[in-house]
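Chain by chain, the residues:
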Amino acid sequence: MLGTVLVLLALAKTACPSPASVASRRAEALKKLLEVFGMEDPPAPPTHFKQPPQYMVDLFNTVANADGVTKNPDILEGNTVRSFLDKTHSEEMRFLFVLSSVAKNEKILTAELHLFRLWPRVTDGPKRHHFCQVSVYQVLEKDKPDTPEGKKLLAARLVSLQTSGWEVFAITPAVRDWTEDESSNQGLLVTVQSLEGSPLDPPPLQFASGRGHHESKKPMLVLFTDDGRRGASLPTASFPGGSHMPGTTPSLGRSRSTRSLDRLQPCQRHPLSVDFEEIGWSGWIISPRGYNAFHCKGSCPFPLGENMRPTNHATVQSIINALKLSEGVSSPCCVPDKLYSINLLYFDDDENVVLKQYDDMVAGSCGCH
């Protein structure tokens, strides 16, 4: 399907008698391309410049190369990672994340609360704490979060008071509750206590809040999900070697003799560039700016050599065609026999940053089938 979409986009750029026809064809191609990416409409770009969370940028760079092609298909749990920033903007340790952008068909795999631990306050007196206990609760009753029936413990552990940095807490049960019943989302409560379990006032440990701290340190919910979308049954793999794939675009306005020569060339892989800025999507896609989808082109003449990676079926078909043993049997076709997935890092309609992996987007190799 991706190949058809790219051809439609290319044709929309060529000379056409009617500008309206060009616009219509382009719109049709972009709609098909959105379907490939599992969307009905492209998300609106952020209203002002927005820096994506560094965690999401680092995760993208871990999972994908510079062109978005998956380095290792087993790194991600599921095919979608969503990030949400806290909506309370409060100095108190209460947090609220709006999950309306999570689709109903997405399976919640893991949910994490990311809090940035600030440098501890200097305390007076001879007694200085080296550790404290941090607990994360799901708020059940908004007006009574401090009562036993008003909250449910999700995670608790000892945290050092000697350093600063990110702390990550697993809160999967709460997020599953919220996605099943949106009205049950009353947020999270975080408490800091001594090793004996008594309150510390003032608490020696503070986390960066949604107000008054740098964007890079704001509280964040990270959600790992899977939407169930899968590609074809062709082999998939990580992209071998290098961090960049060539991005030249094949010429469309070729002569008849050149096209005839192409048919005489053996089956092989050729560049096919997809430029998100040219398509008009650079406003909401953070990374990559484009990628090389590649395409397969060439002949599969008899006899098929090992370099053409033929299947047994293609070999038999080639023999039948060459010997004219049956009418209407054509020679095998040059098609992808290995496909790679790509990853997009983008802003959704709510300006949350999403990392999504899409199967079967790059022709890894070609063969006669």
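All values derive from a computational prediction rather than experimental measurement.

Calculation criteria
- Residues numbered from 1 in each chain as written.
- Predicted model: local features only at pLDDT ≥ 70, side-chain atom pairs only at ≥ 80, totals over all residues.
- Heavy atoms only, no water.
- Disulfide = S-S within 2.5 Å.
- Helix = DSSP H or I, 4+ residues; strand = E, 2+ residues; numbered from the N terminus.
- Buried < 20%, exposed > 50% of the residue type's maximum accessible area, 1.4 Å probe, protein only.
- Salt bridge = Lys/Arg side-chain N within 4 Å of Asp/Glu carboxyl O.
- Core = buried A, V, L, I, M, F, W, Y, C linked by side-chain atoms within 4.5 Å.
- Contact = heavy atoms within 4.5 Å.

## Regarding the state of the cysteines
On inspection of all chains with the given rule, the structure shows three disulfides. The partner cysteine of Cys267 in its disulfide is Cys334, sulfur to sulfur 2.1 Å. Judged by the torsion about the S-S bond (75°), the Cys267/Cys334 disulfide is right-handed. A residue pair is termed long-range when its members are at least 10 positions apart, and Cys267 in the loop between helix H5 (256-264) and strand S9 (268-270) and Cys334 in strand S14 (residues 334-347) qualify at 67 residues. Of the two residues, Cys267 and Cys334, neither departs from the other in class, the shared state being buried. The disulfide that involves Cys300 links it to Cys368, with 2.1 Å between the sulfurs. Note on the Cys300 and Cys368 pair: the S-S dihedral is about -90°, so by sign convention the disulfide is left-handed. With a gap of 68 residues between them, Cys300 in the loop between strand S13 (295-297) and helix H7 (312-322) and Cys368 in strand S15 (residues 353-368) connect regions that are remote in the sequence. Each bonded cysteine of the protein is numbered by sequence order, and under that numbering the disulfide pairs are 1-4, 2-5, 3-6. Between Cys333, a free cysteine, and Cys300, which holds the nearest cysteine sulfur, the sulfur-to-sulfur gap is 7.0 Å. For Cys333, a relative accessible area of 45% gives the class partly exposed.

## Examining the pattern of salt bridges
One pass over the structure, following the stated rule, counts seven salt bridges. Among the ionic pairs, Lys152 bridges to Asp177, the shortest N-O distance being 3.7 Å. Taken together, the residues Lys152 in strand S5 (residues 151-160) and Asp177 in helix H4 (residues 172-180) connect sequence positions 25 residues apart. By relative accessible area, which is 28% here, Asp177 ends up partly exposed.

## Comments concerning the nonpolar core
Of all hydrophobic cores here, the largest spans 33 residues; its most connected members are Phe37, Phe276, Trp281 and Ile342. Looking at this core, the elements with two or more residues in it are helix H2 (19-36), helix H6 (276-279), S14 and S15. In contact with Ile342, other than residues within four places in its own chain, are Phe37, Gly68, Val69, Thr70, Tyr291, Lys356, Gln357, Tyr358, Met361 and Val362. Counting residues in hydrophobic clusters, the runner-up holds 30 residues, among them Phe95, Phe97, Val159 and Leu161.

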